[in-house]
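So you can see what is in the structure, the chains are spelled out below.
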Amino acid sequence: MWDNAVLGMAREVQVPLLAVLLLGGCAAKARRAIRTRSIAREMGPTALFPVRLHRPAAIVVCASELGLGVGLLVTAGQFGAGPPALAVRSLTVVLFGTAVGALHVLRTRRPAAGCGCFGDLSDTPVNWRTLTRTALLCGAAVAALGAPALHMPASAPQAVVVLGVLVVEVSVLVALSPEFAEVMVRLGYNEPCEVRRLPVARSLTALRASPQWRQYHRNLITREPADVWREGCWRFAVFPGMLAGRRVEVVFAIHLTPRRPQVRVGLLDSLAASRTLPAIPRQRQGELLPAPAGEDSAVL
Amino acid sequence: MRQRPGSPDGCDNLLESPTPGRFIRRSLLRETVFGPLDRHPVARTSITGTVVEVRPHTISLRTAAGDKRLILSPRTVAWRGSVIPPARLRAGDGVVVRHFPGRNVAERIWARIGRVTGTIIETDRSELLVDEGPTRRGRQLVRIEAGSFRQIQMRFPRLEAGFLIDVIGTRQEGYLRAVKPATAQPPYRADHLPAAPLISGHLPEPAEGTAVWHEPGEETPGLLGLAYPALDPETNCGHADAGTDEAYAVDPHTAGPGCVRLPYLSIGSAVEIRNECAERSATLPVTSCGAAARLFCDRCVACDTSPRGRIADLTITAFVELGGNLEEGCFNATLRTAG
């Protein structure tokens, strides 16, 4: 009797576990799509489709995960118990069953491709661990098919046993997940500033809060930069200005640190520059870069 | 790239901007903050033009700067699909010439040389339709010479749609007659790049890899510069232009950073490139977007085996000035940001 109760509880907890994994997978894929600005960027088995179907296939996969994840959570308790819960759980079995087959085909046809299950984290080529994990989740979905509505354990020992089952299951899933190692690496990851992506607007906001800006902003002709560019860890913003009756260009260099970036400033006398850099006004037709200073040398 | 030209918020493009001067000024403006750049000038030893006349000991060229006459010596090597005697060059051939430094003697002459680098989208035995992507010239037709097919297939075993190709040959009307492979084919499909290495802290400097060259296209003949694979995605070529309806086999902008992590730079930034094979280096400006180079996680074996990945896609003149031989397709290179 007690064994049956524990087994029933163990089947019940499969529902929220599967829901969390499905919603996590959907969120990771959405994050990748936002970061790369394209949902068409192939994700695992969607690579098996023709290029024009990558986008719809990716949308269907994401929408299925989201719909089934939410559906599993909504029908986990008394609300929605019965046919709605059975329908959602059956579709979950179909999804994981299809995933096992698709990953097997992907492994055969694209041995270098990752499963894409958790977006960027799933770039490791599909191997027996990925396949076993998906098959295990398919089994969990089958086990959840006839599970009763989720409820609190009847006693403390029952709760401990159920918790133990959950811990063991999660540990097995973690052991089968190449994504776990990737997460651990990323937790200790310090992104080099040279490749850190930071919006221009954020650099300009940081600039306008800096002492260098307060020192020069009265001399600027416009509040919007005439040019903005980046070199490694620094973003440059140039503003035309007037200083002591002379036209100048005020150059701000803002470090690409997310918080309180270092700001440096430089001034260029526009008139003097146009004399010392004759190539700027002297570009001949069709010549986009300054001519070399001499016959035997060539610089910027 | 066909983007909002010249907008400070848009995608930069040296060729299409109405104010290319602002890119040129960037290194000067940078110097006001960080001091003078440590520039390595390169000797001007290359000439781009069209053959007017070939005589036993001289060759006359028409260039943008006027007519030039160069001496042909017994050491002069000419190439048009293969090494040929200089006397077999024809009037009307487009040529790139490298002469000996400080002397008016031609060292190497490349005639009608062309290159197609991209993703195969259609094949018909020895004819290939190749998509060079949004940063290059779109679709290109390649015909592989019967005598060269075996050599090219040795280095590019999968001449199938979806795989990458990089071949060198002679330019013909409307197509490239491919005669040799430029590098070796990466073993993956173009839309399935290996993951970028995860680097923590700071990027290693200098970056090591392969430097390749590209045809001028709309660039000014004789332009010294490079298409850089990692332009700042916020203000440069981080994404394909949403305004175009063209569909590309693979959009390199969304393909990830490639297998070499390079610092984000901008059009007009200065980099120092060193040809490790010829031991020549030069400070060059970034003149265009080289996102397509990120698709190629290949190696160069011009002198030694280079680390994987392309770090610079040089203009034809810059490649020649740095001592590269165009028919070899690449050289082992190191790159550091100037300054």
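About the cut-offs
- The written sequence of each chain sets the order in which its residues are numbered from 1.
- Here the convention is simple: chains get letters from A, ligands get numbers from 1, in the order in which they are written.
- Totals for whole chains, interfaces and linings use all residues, but because this is a predicted model, local features are given only for residues with pLDDT of at least 70 and pairs of side-chain atoms are given and counted only at 80 or more.
- By the criteria applied, helices consist of DSSP H or I runs no shorter than four residues and strands consist of E runs no shorter than two, each listed in order from the N terminus.
- With C-beta atoms placed from the backbone, a contact is any residue pair whose C-beta atoms sit within 7 Å.
- When DSSP locates at least two bridges between a pair of strands, those strands are taken to pair.
- Fitted lines through C-alpha atoms serve as axes, helices being fitted only where they are in contact, and the angles separating the N-to-C directions of these axes extend from 0 to 180 degrees.
- Here a helix's expected span is defined as the number of its residues, less one, multiplied by 1.5 Å.
- Three exposure classes are used, based on other C-beta atoms lying within 10 Å of a residue's own C-beta, which is placed from the backbone: buried for 20 or more, exposed for 12 or fewer, and partly exposed in between.
- Each residue gets a pLDDT score, which is the predictor's confidence in that residue and runs from 0 to 100.
- Here roughly perpendicular refers to angles of 65 to 115 degrees, roughly parallel to angles under 35, roughly antiparallel to angles over 145, and oblique to all remaining angles.
- With the far helix as reference, a near helix turned anticlockwise by less than a right angle produces a left-handed crossing, and one turned clockwise produces a right-handed crossing.
- Each residue receives one of three labels: charged for Asp, Glu, Lys and Arg, nonpolar for Ala, Val, Leu, Ile, Met, Phe, Trp, Tyr, Cys and Pro, and polar for the others, Gly being one of them.

Asks: Just checking my understanding: could you explain the overall build of chain B for this structure?
Replies: A count of helical and extended segments in chain B gives three helices and 17 strands. Looking at chain B alone, contacts between residues at least 24 apart form 71% of all its contacts between residues at least 6 apart.

Asks: Please explain the sheet that holds strand β8 (residues 127-131) of chain B as it appears in this structure.
Replies: Two orientations exist for strands paired in a sheet by backbone hydrogen bonds: parallel and antiparallel. Residues and elements named next belong to chain B. Taken in spatial order, the five strands of this closed barrel run β7-β8-β9-β11-β10, and their pairing is mixed. If you compare each strand with its neighbour and ignore which way they point, the axes differ by 55° on average. Relative to strand β10 (residues 164-172), strand β7 (residues 113-124) runs antiparallel, the two being bridged by seven bridges. Bridge assignment links R115 to a residue of β10, and that residue is I168.

Asks: Help me understand the sheet that holds strand β3 (residues 246-255) of chain A, please; the structure alone is not making it clear to me.
Replies: Residue and element names in this part refer to chain A. Spatially, four strands are ordered β1-β2-β3-β4 in an open sheet, and the strand pairing comes out antiparallel. A strand with exactly one partner marks an edge of an open sheet, and here the two such strands are β1 (227-231) and β4 (263-269). Between one strand axis and the next, the sheet turns through 25° on average, direction left out of account. Of the strands in this sheet, β1, β2 (234-243), β3 and β4 touch helix α8 (residues 200-208), which is tilted by about 110° from β3.

Asks: How do you make sense of helix α4 (residues 83-109) of chain A when you look at a structure like this?
Replies: Given 3.6 residues to a turn, an α-helix orients residues that are three or four positions apart in the same direction. Over its 27 residues, α4 of chain A extends 38 Å from the first C-alpha to the last, a length consistent with the 39 Å expected when each residue adds 1.5 Å. Taken residue by residue, α4 of chain A has A85, V88, R89, T92, F96, A99, L103 and L106 of chain A as its buried positions.

Asks: What is the right way to look at the confidence of the model for chain A in this model?
Replies: Low pLDDT means the predicted coordinates in that region are not meant to be read closely. On average, residues of chain A score 81 in pLDDT, and 85% of them are at 70 or above. Counted against residues more than four places away or in other chains, residues 277-300 of chain A, with its pLDDT under 50, gives 43 contacts.

Asks: Help me understand the packing of α4 of chain A against helix α5 (residues 128-143) of chain A in this model?
Replies: Any two packed helices are characterised by the angle at which their axes cross and by the distance between the axes. All names here are of chain A. The interhelical angle for the contact between α4 and α5, taken along N-to-C directions, is 165°, at an axis separation of 8 Å. Between α4 and α5, the angle falls in the class roughly antiparallel. Our pair here, α4 against α5, has a crossing hand that is left-handed. Residues R89, T92, V93, F96, G97, A99, V100, L103 and H104 of α4 form the contact with α5, whose participating residues are T130, L131, T134, A135, L137, C138, A141 and V142. For the contact of α4 with α5, a count of residues per class yields 11 nonpolar, five polar and one charged.

Asks: Can you help me understand the confidence of the model for chain B in this one?
Replies: Residues and elements named next belong to chain B. Scored by pLDDT, chain B comes out at a mean of 85, with 89% of its residues at no less than 70. The low-confidence segment residues 1-10 (pLDDT under 50) makes 25 contacts with residues lying over four places distant or belonging to another chain. Within the model, pLDDT remains below 50 along residues 240-245, and this stretch shows seven contacts once partners closer than five positions in the same chain are excluded. The complex model carries a pTM of 0.69, and its ipTM stands at 0.85.

Asks: When you look at the packing of helix α3 (residues 54-74) of chain A against α4 of chain A in this model, what are you seeing that I'm missing?
Replies: Residues and elements named next belong to chain A. It is the contact of α3 with α4, at a shortest axis distance of 9 Å, that shows an interaxial angle of 145°. Along this stretch, α3 crosses α4, giving a crossing that reads as left-handed. Listed contacts from α4 to S64, L68, G71 and L72 of α3 are V88, L91, T92 and L95. Here the contact of α3 with α4 is built from residues that sort into five nonpolar, three polar and no charged.

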